[in-house]
Amino acid sequence: MAGALKIKNGTKLKMAFDVPVEDDPVFNMLCTFYKSLDESAFLISIPMVNGKPLEVDDTKKLLIRYGDGKNAMILAGYVDDIVKDGIRRYLKIRRVSEQRQFFQRADERIKVALKVEYLQETWPVNEDGKIEPEEAMTLDVSAGGAALYINRRFDVGEVMELNLPRIGTSEKGKAIDNIVAAVCWMREAPKGSIYRNFVGVQFRFGEADEKKKIQAYLENVKEKYKL
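If you're wondering where the values come from, they're calculated on a predicted model, not measured in any experiment.

### Let's talk about the packing of aromatic side chains
Within the structure shown, the criterion is met by eight aromatic pairs. An angle of 15° between the planes, with centres 6.4 Å apart, marks the rings of Y149 and Y195 as stacked. Here Y195 lies in the loop between β13 (176-188) and β14 (197-204) and Y149 lies in strand β11 (residues 145-150), a separation of 46 residues in the sequence. Among the residues examined, Y149 registers a relative accessible area of 14% and is labelled buried. The exposure class assigned to Y195 is buried, which follows from its relative accessible area of 8%. Each ring, one from F203 and one from F205, has its centre 6.2 Å from the other, and the planes form 75°; the classification is edge-to-face. Using a relative accessible area of 28% as the deciding quantity, one classes F205 as partly exposed. These aromatic residues form a ring-pair network of at least three members: Y149, W185, Y195 and F198.

### Digging into the pairing of β13
In the sheet, strand β12 (residues 159-164) pairs with β13 via five bridges, with the strands oriented antiparallel. Within the sheet, the bridge partner assigned to L164 lies in β13 and is I176. Relative to β14, β13 runs antiparallel, the two sharing eight bridges. The partner of R187 across the bridge, within β14, is F198.

Conventions used here
Residues numbered from 1 in each chain as written. Predicted model: local features only at pLDDT ≥ 70, side-chain atom pairs only at ≥ 80, totals over all residues. Heavy atoms only, no water. Phe/Tyr/Trp six-rings, centres within 6.5 Å; stacked < 30°, edge-to-face > 60°. Helix = DSSP H or I, 4+ residues; strand = E, 2+ residues; numbered from the N terminus. Buried < 20%, exposed > 50% of the residue type's maximum accessible area, 1.4 Å probe, protein only. Pairing = 2+ DSSP bridges.

Shape descriptors only; they carry no functional weight alone.
Below, the structure is given as structure tokens:
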């Protein structure tokens, strides 16, 4: 768990109910940050929904967004209690380990299941002196990043390398190896999944041509699978 939140009293927040991994949360509830209680809990005002205070359900995970643009962050937590302070009432939110940066998607996201490989340079090598990559499955992918089902856990900010498989026989569908990808967020995979974790990564390019190759690759994927 990260340290105490560095959010000022009175900061406006946007809130959403958590959704399945294939969907995007809708931040349609507004509230105000009141204060931190400790490293794992904080108070916010009770948002209004359809003109009425939010009905508390301590089984539903909440996503709370603060900050703007590339500096926006998302916290996850559950309602632990309703706390009265003076004449006002607040939701006590108990944080869970997830905390991730929010990235605006500038590239078209394609929902497609591709078997890809991932690895880190720090992994041990095999008898041939090579690092054995592990298999992953994409949920969606764009020229700027991807959402993947994987088995390993990573910390936000860690970097991995991805290998995209060959798709068809055209030059555009040629496999692309060693794509540098930084972890933006991490979740446990849904129950029943053959993978343990679900991760969002953002691609990092050393040269503009690297992104153009992925864009051409994804155009071929769309054509191949009629997406």
